[in-house]
Amino acid sequence: MLRGIDVSSYQPSSYDTDGLSFVFIKATEGRSYVNPRLSAQTRTARDAGLVVGFYHFLWPGNLTAQAEYFVSKAPERRGDILAVDWETTGDGTHASNAEKDRFIRKVKELRPDNRVILYCNRNFWLNVDTTSYAGDALWIADYVTEGKPRIKAKWRFHQYTDDPIDKNVADFSSRTALKEWAGGA
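Trainee: Go over the nonpolar core, please, and point to the residues and values.
Mentor: Counting 38 residues, the largest nonpolar core has I25, F54, L118 and L138 as its most contacted members. In terms of residues, this core owes the most to one element, helix α2 (residues 63-73), which gives four residues. Residues in contact with L118, not counting those within four places in the same chain, are V84, W86, K100, I104, W125, Y133, A134, A137, L138 and W139. Core analysis: the next-biggest nonpolar cluster, separate from the first, contains 18 residues, V51, A141, L178 and W181 among them.

Right, here's the structure in full:
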């Protein structure tokens, strides 16, 4: 298992990359928010030679506009991973299954050379999702033993804790294998 973290504006621009193979960085949310630390956090990851992913926090409605906004703000580089963060919004709503699926497909259409994946928690995967569509891979949040999420579906990334930061593992044999997969969209 490879180790990684995910960061947002709540984390500093420069963060500890020792022992990490990858990082996911929050890029956007809805149609108006951009992480003010996006460029600096990306530079930290690239300087450390990590595989870099960017995620968009999905809101219901205006899926095409959200997808276009996300790809316009997330750096464009072959081998980067793009993720949709599908969970409950600050106002208690969430995008529907159809909206989640359309968003993933639209991002893939706009960025065909990048892997596009789904991030969601175990509850969403088991009780909200009805399509099991995760694009190129599933990134599951389940705060249990690392690498042992309580789902039957095939997953590639597992967020296993948020204490003190969001920590993840990836189901790849090596960083080279992860880089090859990420670049093989």
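Trainee: Explain the pairing of strand β8 (residues 157-161) to me, and be specific about the residues and the numbers.
Mentor: Among the five residues in β8, five count as buried, and that is most of the element. By the bridge criterion, three bridges tie strand β7 (residues 138-141) to β8 in an arrangement that is parallel. Paired with I140 across the bridge in β8 is H158. Sheet analysis places β8 next to strand β9 (residues 166-170), joined by four bridges and oriented antiparallel. Along β9, the bridge assignment pairs T161 with K167.

Trainee: Break down the pairing of strand β5 (residues 81-85) for me, citing the residues and quoting the values.
Mentor: A regular strand places its side chains on the two faces of the sheet in alternate fashion. Of all the five residues making up β5, five are buried; the element is thus mostly covered by neighbouring parts of the structure. Residues I81, A83 and D85 of β5 are buried on one face, and the alternating residues L82 and V84, pointing to the opposite face, are buried as well. The pairing of strand β4 (residues 51-57) with β5 spans five bridges and is parallel. Across the sheet, the residue bridging to F54 is L82, located in β5. At this point the chain moves from β4, through α2, to the parallel β5, and the crossover so formed is right-handed. Bridge count between β5 and strand β6 (residues 115-121): five bridges; the pairing is parallel. Each bridged residue has a counterpart across the sheet, and for L82 the counterpart in β6 is V116. Between β5 and its parallel partner β6, the chain crosses via helix α3 (residues 97-110), and the hand of that crossover is right-handed.

Trainee: Describe the pattern of salt bridges, and please don't skip the residues or the numbers.
Mentor: This model, assessed by the stated rule, comprises 11 salt bridges. Across the pair E76 and R111 runs a salt bridge whose closest N-O atoms are separated by 3.8 Å. Of this pair, E76 sits in the loop between α2 and β5 while R111 sits in the loop between α3 and β6, placing them 35 residues apart in sequence. Assessed through its relative accessible area of 63%, E76 is described here as exposed. Measuring nitrogen to oxygen at the nearest pair gives 3.0 Å for the salt bridge that ties K106 to E109. Linking K106 with E109, this pair stays in helix α3, spanning three residues, or about one helical turn. Residues joined by salt bridges that share partners form a network here, namely K100, D101 and D129.

Thresholds, definitions, all that
Residues numbered from 1 in each chain as written. Predicted model: local features only at pLDDT ≥ 70, side-chain atom pairs only at ≥ 80, totals over all residues. Heavy atoms only, no water. Core = buried A, V, L, I, M, F, W, Y, C linked by side-chain atoms within 4.5 Å. Buried < 20%, exposed > 50% of the residue type's maximum accessible area, 1.4 Å probe, protein only. Helix = DSSP H or I, 4+ residues; strand = E, 2+ residues; numbered from the N terminus. Contact = heavy atoms within 4.5 Å. Pairing = 2+ DSSP bridges. Right-handed = clockwise from strand over helix to strand, strands pointing away. Salt bridge = Lys/Arg side-chain N within 4 Å of Asp/Glu carboxyl O.

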